[in-house]
Amino acid sequence: MSKKSVAAPNTPYFTPAQKPSAGTALSESPPTLFKPIRIRDAEFQNRIWVAPMCMYSADNGKLTDYHLVHLGGLAFRGASLTIIEATSVLPNGRITPQDAGLWEDAQIAPIKKVADYVHSQGQKLGIQLAHAGRKASTSAPWLSKVRGKAVLATEDDGGWPKNVMGPSAIPWSTEGYAIPREMTLEDIADVIQAFKESAQRSVVAGIDVIEIHGAHGYLISSFLSAISNQRTDEYGGTFENRTRLLIDIIKAVRAVIPESMPLLVRVSATEWMNFAPEQWDVESTIRLAKLLPALGVDLLDVSSGGNNEAQRIEMHNHFQVGIAGQIRDALRADKITNLLIGAVGLITEAEYARDIVESKTPSMSGDCVEIEDEQDIKTKADIVLVARQFLREPEWVFRVAFRLGIDVQWPVQYGRAEFQKGSRI
Ligand SMILES: Cc1cc2nc3c(=O)[nH]c(=O)nc-3n(C[C@H](O)[C@H](O)[C@H](O)COP(=O)(O)O)c2cc1C
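Residues numbered from 1 in each chain as written. Predicted model: local features only at pLDDT ≥ 70, side-chain atom pairs only at ≥ 80, totals over all residues. Heavy atoms only, no water.

- The name given to the protein in an unreviewed UniProt entry is NADH-dependent flavin oxidoreductase-like protein, and the organism recorded there is Calycina marina.

Written out as structure tokens, the structure reads:
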């Protein structure tokens, strides 16, 4: 055995090669959660991804060393993809003045620094491209006295309350939010162009996966809903018109990124407004989902809510994962298997994560056989995305593996810290 530590390739400084990448199963026949999955030309060593999380810590849209440490530390610990927070395609699309952005070339280098580090550790980096629409120009959440209540960022705070825009001139709330102007067709064309250019910059920055943020009441999400979108032109009214902005953006992005690069879309699958005469609901999402494979979207990341102050979320442990399963079932009932589903929300336990993606071992033909209500386990998604648990337990991937009794690769430098069999973790 060689006594020379092998260097990670394409890295300007020495760091040991992580081979196999941290988070790779070493046990034979691991559960699906720890089986590799290939999306286009990207190979993921497991089915656990770090969901995008705004840190409200960027410097004029630029990531800083804070992000290098934060994102790098998560990626290092074995998730097969770490997605950079909502990154605005235009200055007025930031949620807060400290949001990440990619509307100009100067914002590429700090993202590339994170991508280069993540790659040196054998891991992958995604980015969520976003426009906050009518929820823009607010302040970082920790500046609010009431948890969950937004505080407007005025011009003095570095905000742009007079340049907030949405499908219609309807504010998200009369408190804490600006009154948006109804976007002109020129504004819409500018946003589509900005998504396209930010996607091109993402490629230059070395990003492996792009996610389009179509959830949580931000611009695209607010166009999908007939409650927030009351336009009478080709971007409002019918389902076809309300989905037009998202579809135009998907087409613009897909056209400029490599064929080999996975493209994801996150939506709020329901806006939790059952009592409203019309809402964007799971049925609408299923209808949309069926259009996505032909547009070159590889995975639908199923979130919910955030478009209305009056939303009534039916909160329980499986509230969102169940919806992901429902969408997946509907696609499969229509024999659509080329759109993967990502589940997110309240996934904190190893067994739960395992069961969400569990599918039977591939049959002789190579097709994956779904588990249908066997011991109450049904495949609900292909990928689990986890947000808050990674902030609590950055080493969550290793804990999950340990709890499931699977040996996984740790980063070589941390090998001596591996959880010991029989210890209480
Ligand atoms: C601090 C924080 C920031 C977030 N920022 C984003 C974001 O930038 N984009 C997004 O789509 N969701 C964002 N979310 C939502 C998460 O991605 C995730 O969908 C949600 O927290 C539910 O997953 P969890 O129960 O694993 O935390 C954020 C959540 C948290 C806690």
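### Notes on the overall build of the protein
Phase 1 of the analysis: Within the protein one finds 11 helices and 13 strands.
Phase 2 of the analysis: Overall size of the protein, expressed as C-alpha extent along the three principal axes, is 70 × 50 × 45 Å.
Phase 3 of the analysis: Going through the 425 residues of the protein one by one, you find that 58% of them count as buried.
Phase 4 of the analysis: A sequence separation of at least 24 residues applies to 72% of the contacts in the protein between residues at least 6 apart. (Helix = DSSP H or I, 4+ residues; strand = E, 2+ residues; numbered from the N terminus. Buried < 20%, exposed > 50% of the residue type's maximum accessible area, 1.4 Å probe, protein only. Contact = heavy atoms within 4.5 Å.)

### Overview of the confidence of the model for the protein
Phase 1 of the analysis: For the protein, mean pLDDT is 95; residues scoring 70 or higher make up 96% of the total.
Phase 2 of the analysis: Overall, residues 361-368 carries pLDDT values under 50, and its contacts beyond four positions in sequence, including any with other chains, amount to 7 contacts. (pLDDT = per-residue confidence, 0-100.)

### Considering the pattern of salt bridges
Phase 1 of the analysis: Per the counting criterion, the structure on display carries 23 salt bridges.
Phase 2 of the analysis: Put simply, R201 and E197 hold a salt bridge, and the shortest N to O gap is 3.6 Å. Here R201 pairs with E197, and both are found in helix α3 (residues 185-204), just 4 residues apart, close to one helical turn.
Phase 3 of the analysis: Residue E197 is classed as partly exposed on the basis of its relative accessible area, which comes to 28%. (Salt bridge = Lys/Arg side-chain N within 4 Å of Asp/Glu carboxyl O.)

### Focus on the site of the ligand
Phase 1 of the analysis: Around the ligand, the surrounding shell holds 15 residues, and the nearest of these are C54, Q128, R266, L346 and R388.
Phase 2 of the analysis: At 3.1 Å from an oxygen atom of the ligand is found a main-chain nitrogen or oxygen belonging to A86.
Phase 3 of the analysis: Residue R388 places a side-chain N or O atom 2.6 Å away from an oxygen atom belonging to the ligand.
Phase 4 of the analysis: For the ligand, whose accessible area on its own is 610 Å², the fraction buried by protein is 81%. (Near = heavy atom within 4 Å. Polar contact = N/O pair within 3.5 Å; in protein donor to acceptor, adjacent residues only side chain to side chain. Areas by Shrake-Rupley, 256 points an atom, 1.4 Å probe, with all protein chains shown as cover.)

### Quick look at unusual backbone geometry
Phase 1 of the analysis: With an omega dihedral of 0°, the bond running from K19 to P20 counts as a cis peptide bond.
Phase 2 of the analysis: Tracing the backbone shows P20 in the segment before β1 (37-39).
Phase 3 of the analysis: Not every positive phi belongs to a glycine, and S29 is a case in point at roughly 45°.
Phase 4 of the analysis: Tracing the backbone through its elements, the reader meets S29 in the segment before β1.

### Let's talk about the nonpolar core
Phase 1 of the analysis: Ranked by size, the top nonpolar core spans 97 residues in total, and within it F34, I210, I212, L300 and I327 carry the most contacts.
Phase 2 of the analysis: If you tally residues by element for this core, the top one is helix α6 (residues 244-256), at 7 residues.
Phase 3 of the analysis: For L300, the residues in contact, after removing those within four places along its chain, are V265, V267, T285, A289, L292, I327, L339, L340, I341 and G342.
Phase 4 of the analysis: In this structure, I39, F44, W49 and V344 belong to the second largest nonpolar core, which totals 15 residues. (Core = buried A, V, L, I, M, F, W, Y, C linked by side-chain atoms within 4.5 Å.)

### Here's the deal with the packing of α3 against α6
Phase 1 of the analysis: In the contact formed by α3 and α6, the axes pass within 8 Å of each other and the chain directions differ by 30°. Relative to α6, α3 is oriented so that their crossing is right-handed. Here I188, V191, I192, F195, K196, A199 and Q200 of α3 come into contact with α6, specifically with L245, D248, I249, A252, V253 and V256.
Phase 2 of the analysis: Split by residue class, the contact of α3 with α6 holds 10 nonpolar, 1 polar and 2 charged. (Axes fitted to C-alpha atoms, helices over the stretch in contact; angles between N-to-C directions. Left-handed = near helix turned anticlockwise from the far one by under 90°. Nonpolar A, V, L, I, M, F, W, Y, C, P; charged D, E, K, R; others polar.)

### Quick look at the pairing of strand β11 (residues 299-303)
Successive side chains on a regular strand alternate, one facing one side of the sheet and the next facing the other.
Phase 1 of the analysis: The buried fraction of β11 is high, at 5 of 5 residues.
Phase 2 of the analysis: Both faces of β11 are covered, namely the face carrying L299, D301 and S303 and the face carrying L300 and V302.
Phase 3 of the analysis: Across 5 bridges, strand β10 (residues 263-268) lies against β11 in parallel orientation. Bridge pairing in β11 links V265 to L300.
Phase 4 of the analysis: You can see the chain leave β10, run along helix α7 (residues 282-289) and come back into β11, and the turn it takes is right-handed.
Phase 5 of the analysis: Sheet topology places β11 next to strand β12 (residues 340-344); 4 bridges connect them, and they run parallel. Opposite L300, over in β12, you have I341 as the bridge partner. (Pairing = 2+ DSSP bridges. Right-handed = clockwise from strand over helix to strand, strands pointing away.)

### A closer look at the packing of aromatic side chains
Phase 1 of the analysis: For the coordinates displayed, the defined rule picks out 11 aromatic pairs.
Phase 2 of the analysis: Judged by centre distance (6.0 Å) and plane angle (70°), the rings of Y56 and W142 are edge-to-face. Placement of the pair is Y56 in the loop between β3 (48-50) and α1 (65-76) and W142 in the loop between β6 (125-130) and β7 (165-166), with a sequence separation of 86 residues.
Phase 3 of the analysis: Aromatic side chains W172 and Y177 sit 5.0 Å apart centroid to centroid with 45° between the ring planes, which places their arrangement in the tilted category.
Phase 4 of the analysis: One cation-aromatic arrangement involves K124 over F44; the distance from NZ or CZ to the ring centre is 5.6 Å.
Phase 5 of the analysis: Just above the ring of F275 sits the side chain of R312; from NZ or CZ to the centre is 4.1 Å. (Phe/Tyr/Trp six-rings, centres within 6.5 Å; stacked < 30°, edge-to-face > 60°. Lys NZ or Arg CZ within 6 Å of the ring centre and 35° of its normal.)

### Quick word on the packing of α1 against helix α2 (residues 108-120)
Phase 1 of the analysis: Here α1 crosses α2 at 25°, and the two axes come no closer than 9 Å. Overall, the two elements α1 and α2 adopt an arrangement that is roughly parallel. When you trace α1 past α2, the crossing you get is right-handed. From α1, D65, H67, L68, L71, G72, A75 and F76 reach across to α2, where they touch K113, V114, Y117 and V118.
Phase 2 of the analysis: When its residues are assigned to classes, the contact of α1 with α2 shows 7 nonpolar, 2 polar and 2 charged. (Parallel < 35°, antiparallel > 145°, perpendicular 65-115°, else oblique.)

### Here we look at the side chain of T285
Phase 1 of the analysis: Tracing the sequence through the fold places T285 in helix α7.
Phase 2 of the analysis: The class for T285 is buried, based on a relative accessible area of 1%.
Phase 3 of the analysis: Within the structure, the side chain of T285 is placed 2.8 Å from the backbone oxygen of A269, a separation counted as a polar contact.
Phase 4 of the analysis: In this view, T285 contacts V267, S268, A269, W280, L300 and I327; residues no more than four positions away in its chain are not counted.

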